[in-house]
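# Observations on chain architecture
Chain residues, written in single-letter form:
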Amino acid sequence: MTEETTGERPHVIRHARGKRPQFYDTPGLDAAMSMIMVLANEMCVLRDRLDSAERVAKASGLDLAAGIETLQFDQDALEEREQRRQDFLQRLFYLQLKDADEAAKAQTEAAYNQTIADIAQQ
């Protein structure tokens, strides 16, 4: 089976090219605002899904709250949740991961050796 037929998407790191616009003078505030917006988006989606589940359960005569309290997860469900959590964290820390990736690509052996030499001089 291919990724296309299984519904899985390949893991590809994509970054926008060029300088990001800055809206705030305080360092890191743009990144923090980006993270807040990702969290706000996730909260809206979560609330909509919870509302849908509650409505479906009520229409079916189910005690959803009691079912949630006694729910036991199998290994597949736990792994699925962890993957969803990791995807969320990737989106949440996107800008920091991009900056780290760019810094790693800019790092050269010559620059590293120069830093070591500079530290040794002190």
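For the structure, check the block above.
Residues numbered from 1 in each chain as written. Predicted model: local features only at pLDDT ≥ 70, side-chain atom pairs only at ≥ 80, totals over all residues. Heavy atoms only, no water.

Turning our attention to the overall build of the chain. In terms of regular secondary structure, the chain is built from six helices and zero strands. Among the 122 residues that make up the chain, the fraction classed as buried is 7%. For the chain, restricting intrachain contacts to residue pairs at least 6 apart in sequence, the fraction spanning at least 24 positions comes to 69%. As displayed, the chain offers around 11000 Å² of accessible surface, 56% of which is attributable to carbon and sulfur atoms. (Helix = DSSP H or I, 4+ residues; strand = E, 2+ residues; numbered from the N terminus. Buried < 20%, exposed > 50% of the residue type's maximum accessible area, 1.4 Å probe, protein only. Contact = heavy atoms within 4.5 Å. Areas by Shrake-Rupley, 256 points an atom, 1.4 Å probe, with all protein chains shown as cover.)

The next point concerns a nonpolar patch on the surface. Together, Phe 23, Tyr 24 and Leu 29 make up an exposed nonpolar region whose accessible area comes to about 320 Å². For Tyr 24, a relative accessible area of 36% translates into the label partly exposed. (Patch = residues over 30% accessible without salt bridge, like charges linked within 9 Å, V, L, I, M, F, W, Y side chains within 5 Å. Salt bridge = Lys/Arg side-chain N within 4 Å of Asp/Glu carboxyl O.)

Here the focus is the pattern of salt bridges. Any two side chains of opposite charge can pair, given that their charged atoms come close. Taken as a whole and judged by the stated rule, the model has seven salt bridges. One salt bridge in this structure joins Arg 55 and Asp 51, with 2.9 Å as the shortest N-O distance. A residue pair is termed a helical-turn pair when its members lie 3 or 4 positions apart in one helix, as Arg 55 and Asp 51 do in helix α2 (residues 29–59) at four residues. Between Asp 101 and Lys 105 there is a salt bridge; the shortest N-O distance is 3.4 Å. Placement of the pair is Asp 101 and Lys 105 together in helix α5 (residues 94–106), with a separation of four residues, close to one helical turn. Given a relative accessible area of 24%, Asp 101 falls into the partly exposed group.

Time to look at the environment of Val 38. Considering the arrangement of structural elements, one finds Val 38 in helix α2. Residue Val 38 is classed as buried on the basis of its relative accessible area, which comes to 18%. The sequence separation of Val 38 and Arg 91 amounts to 53 residues, and the corresponding C-alpha distance is 7.1 Å. Those residues in contact with Val 38, other than ones at most four positions away along the chain, are Phe 88, Arg 91 and Leu 92.

Let's shift gears to the packing of α2 against helix α4 (residues 75–92). Contact pair α2 / α4: the axes reach a minimum separation of 9 Å and the direction vectors enclose 145 degrees. Residues Met 35, Val 38, Leu 39 and Glu 42 of α2 form the contact with α4, whose participating residues are Phe 88, Arg 91 and Leu 92. Residues belonging to the contact of α2 with α4 are distributed by class as follows: five nonpolar, no polar and two charged. (Axes fitted to C-alpha atoms, helices over the stretch in contact; angles between N-to-C directions. Nonpolar A, V, L, I, M, F, W, Y, C, P; charged D, E, K, R; others polar.)

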